[in-house]
Amino acid sequence: MLSLEKVNSWYGEAQVLRNVDLNVKEGEIVALFGRNGVGKTTTLRSIMGLTPPLGKGKIVFKDENILGLPPYKIANKGIGFVPEDRRIFPYLTVKRNLDTGKKSTHKSNSKTKWDYQKVFQLFPKLEILQDSLGKNLSGGEQQMLTIARTLMGNPELLLLDEPSEGLAPLIARDVINLVLELKKEYGLSILIIEQFSPRVLEYADRCYVMDMGKIVFCGCSEDLRKDVKLQKELLGV
Amino acid sequence: MNTTLCLALLFNGIVLGLIWSVIAIGFSLVLGVGQTINFAHGLLFTFGAYFFFSISRNTSFWIAVIAAPILVAIMSLFLEVVLVRRVYGQDPLFGLLITFGFAIAMEEVIRMVWGKAAYSVSTPIFARGQLILGNFVYSRFRILLALFALTILLLVLWFMSKTSFGAIVKAGMFNSEMISALGHNLPLLRTLVFVMGGLLAGLAGVIGAPLWSIKSGMGTDVLMPGFIIALIGGLGSIKGTIIGGLLVGITTSLAVLVIPRFTDIIPYVMLIAVLFYKPKGLYGEVTILGEVRE
Ligand SMILES: Nc1ncnc2c1ncn2[C@@H]1O[C@H](COP(=O)(O)OP(=O)(O)OP(=O)(O)O)[C@@H](O)[C@H]1O
Ligand SMILES: [Mg+2]
């Protein structure tokens, strides 16, 4: 569904991603782990066209090279981006935040057509809070809202950037369970970033580990679970 | 103190506040979404007034009411596509300078086309006469103009707070990158908002034309109050801008009673006072030119 081939990205003069190869097949949960500052967020930003990669690399989504397209076109192909730090719009209500995720043009192949009702079914808490301003939501609720807002655009592939960061363990667990539900019940393909999370490792079909802008491990989750040395060295577990 | 005089000044203040609000809202939207200080906003207002004057003289009052703002909107589309588009995402100073230069040049064009003399618009027949309440007498035309301004403001308020487009515009002021990542065409959004700002400036020109004498520099006289009100109300808040406009308009008008020679400084003093206590303005959602992340 999505594949990155030799992707190189820079911030100004500084090269952050070096020949990144990565792929997500339809219906998979793929995890990308790595310590602070190794380039995880930059990988997602590169896919979205927010930090466009340079050089000869390729990013193919559903058999089409999307590298070089502006972010809105990439989003309209069916990729949903859930950024880190829960970038909700604090001065819009929950419902109006959801409105910003709706798209007028995208003809989606996603199995579910999301609307308020469907989203509220999945996040009952948001229904209760629908008229509250985004800024008055708790961290966990804001994370739910960021995901819900992206779902309103009917994505087929969801990119999640550290969704459980800074959340209390129980709430973080809810978020990760939800990701699994999105795959199982709604057929979404998912690329999820975490520094490291045993729970994500448990749910992921495959995983990658990144260090200094390079992919240093790629395999099924089982292999990473067994590789205690790698976990210690690269993930600080 | 004379109550009828006070009442007349109060009414004047309301009329002034409403028209300033219409100007300020257009300015504020462009500043919020395009991060551009549109110095030519006053010029667009001036064109609205001149177009209204010429069209109403050659055709009819009602055709002019409709055609003048549309012509100004088309002008602002041209301005956005040719000039302003180039400076998005750059230092706001570029946008300010480029629109400033455009405004100066076009003011010269106005003098070439319409000459240096000031014009005035005559009151249409349906709006002639006075509103009389006891011994208080007030121009009926002014009241109609104020109601027109109020209608425009309420329409914008509705549009921005109830439609999805409004949500996207507001969100775009806060974090434009996120808006693109959610699948919205940011360049197109900015163009639309700029044209909307132009339309509002043109409408303000239509309202201002009968109130003030029509001259090439009239835009400069309203740009500053408009800018100040946008800041007082708080960027991105339509409600704040309307309240700010009325506050500044009424205070400026009533100040004649107390400090007749210094009324011009009232908006500035109010701006300093408000920003001192509320840096984001009365109902501010973003600080000027800043994406705030909480
Ligand atoms: N806007 C930017 N300009 C310049 N350098 C940046 C920018 N954003 C990130 N970097 C640098 O790029 C590198 C990779 O950053 P990135 O945000 O991708 O890391 P990350 O793996 O997501 O880290 P974290 O776990 O802390 O979120 C870091 O060294 C960072 O300092
Ligand atoms: Mg990151």
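Our structure's up above, just so we're on the same page.
Conventions used here
- Residues numbered from 1 in each chain as written.
- Chains lettered and ligands numbered in written order.
- Predicted model: local features only at pLDDT ≥ 70, side-chain atom pairs only at ≥ 80, totals over all residues.
- Heavy atoms only, no water.
- Contact = heavy atoms within 4.5 Å.
- Buried area = accessible area lost by both parts, 1.4 Å probe.
- Salt bridge = Lys/Arg side-chain N within 4 Å of Asp/Glu carboxyl O.
- Polar contact = N/O pair within 3.5 Å; in protein donor to acceptor, adjacent residues only side chain to side chain.
- Helix = DSSP H or I, 4+ residues; strand = E, 2+ residues; numbered from the N terminus.
- Nonpolar A, V, L, I, M, F, W, Y, C, P; charged D, E, K, R; others polar.
- Pairing = 2+ DSSP bridges.
- Axes fitted to C-alpha atoms, helices over the stretch in contact; angles between N-to-C directions.
- Donors = N, O, S within 2.8 Å, 3.2 Å for Na, K, Ca; no water.
- Buried < 20%, exposed > 50% of the residue type's maximum accessible area, 1.4 Å probe, protein only.
- Core = buried A, V, L, I, M, F, W, Y, C linked by side-chain atoms within 4.5 Å.
- 1 Å grid on protein atoms, 1.4 Å probe; cavity = no way out; pocket = protein on both sides within 12 Å on 5 of 7 lines; lining within 4 Å.
- Points joined across faces, edges and corners; volume = space filled by probe spheres on them.

Quick word on the interface of chain B and chain A
Of the residues lining the interface, 26 residues belong to chain B; the matching set on chain A comes to 24 residues. Summed over both partners, the interface of chain B with chain A comes to about 2000 Å²; 62% of that surface belongs to carbon and sulfur atoms. Inspection of the chain B/chain A interface yields one salt bridge. Between E177(B) and R45(A) there is a salt bridge, with its nearest N and O atoms 2.7 Å apart. At the surface where chain B touches chain A, the tally comes to nine residue pairs in polar contact (both at pLDDT 80 or more). When residues of the side of chain B that touches chain A are assigned to their parent elements, the largest contribution, seven residues, is made by helix α6 (residues 164–174) of chain B. Residue composition of the side of chain B that touches chain A, by class: nine nonpolar, 10 polar and seven charged.

Topic: the sheet that holds strand β6 (residues 79–82) of chain A
Residues and elements named next belong to chain A. Strand order in the open sheet formed by six strands is β6-β7-β8-β3-β9-β10, with mixed pairing between adjacent strands. A single partner strand is all that each edge strand has here, and the edge strands are β6 and β10 (214–220). Across the sheet, the mean angle separating the axes of adjacent strands is 15° when strand polarity is ignored. Two strands pair when backbone bridges link them, and strand β3 (residues 29–33) and strand β8 (residues 189–194) are joined in this way by five bridges, in the parallel orientation. Residue pairing in the sheet places L32 in a bridge with I193 of β8. The sheet strands contacting helix α6 (residues 139–151) are β6 and β7 (157–161), and the helix crosses β6 at an angle near 165°. Sheet strands touched by helix α7 (residues 169–184): β3, β7 and β8. Its angle to β8, the strand with the most contacts, is close to 160°.

Notes on the coordination of the magnesium ion (ligand 2)
Those donors, T41(A) (OG1) and E84(A) (OE), are the protein atoms that reach the magnesium ion (ligand 2), and they lie 1.9 to 2.6 Å from it. Here the residue T41(A) occupies a position in helix α1 (residues 40–48), and E84(A) occupies one in the loop between β6 and α3 (94–99), the gap between them amounting to 43 residues.

Points about unusual backbone geometry
All names here are of chain A. One non-glycine residue, K6, lies in the positive phi region at around 45°. Phi is positive for K62, which is not a glycine, with a value near 45°. Topologically, K62 is positioned in the loop between β4 (58–61) and β5 (64–65).

Some thoughts on the environment of S122(B)
Residue and element names in this part refer to chain B. Among the structural elements, S122 can be located in the loop between α4 (92–114) and β1 (130–133). Owing to a relative accessible area of 55%, S122 belongs among the exposed residues under this scheme. As a C-alpha pair, S122 and L16 span 106 residues in sequence and 19 Å in three-dimensional space.

Looking at the nonpolar core
Residues M48(A), I79(A), L159(A), L191(A), L29(B), F47(B) and F52(B) are the most contacted members of the largest nonpolar core, which totals 125 residues. With 14 residues, the top contributor of residues to this core is helix α1 (residues 3–34) of chain B. Excluding its chain neighbours within four sequence positions, the residues that come into contact with L191(A) are L22(A), V24(A), V30(A), L32(A), L44(A), I47(A), L157(A), L158(A), L159(A) and L160(A). Core analysis: the second largest hydrophobic core is formed by 45 residues, W114(A), V175(A), L180(A) and Y203(A) among them.

Looking at empty space enclosed by the protein
Applying the stated criterion across every chain yields a total of five cavities of 30 Å³ or more. Lining of the largest cavity is provided by 11 residues; of these, Y91(A), K170(B), A171(B), F174(B) and E285(B) occupy positions nearest its centre.

Re the layout of surface pockets
Its boundaries defined by the atoms lining it, the largest pocket holds a volume of some 450 Å³. If you go around the largest pocket, you meet 19 residues; those closest to its centre are Y91(A), R96(A), S161(B), K170(B) and E285(B). Broken down by secondary-structure element, the contributors of at least two residues to the lining of the largest pocket are α3 of chain A together with α5 (140–162) and α10 (238–254) of chain B. Take the lining of the largest pocket: its biggest share by element is four residues, from α5(B). Looking at the lining of the largest pocket residue by residue, the class counts come to eight nonpolar, four polar and seven charged.

As for the pattern of salt bridges
This structure, assessed with the given rule, holds 15 salt bridges over all chains. K102(A) is paired through a salt bridge with D99(A); the nearest N and O atoms lie 3.2 Å apart. K102(A) gets classed as partly exposed once you look at its relative accessible area, which sits at 33%. Between R111(B) and E108(B) there is a salt bridge, and its shortest N-O distance comes to 3.0 Å. On the criterion of helical spacing, the pair formed by R111(B) and E108(B) is a turn pair, its members being three residues apart in helix α4. According to the relative accessible area criterion, R111(B) is partly exposed, its value standing at 26%. In this structure, a network of salt bridges that share partners links the residues R96(A), D99(A) and K102(A).

Without other data, these values stay purely geometric and don't point to any function.
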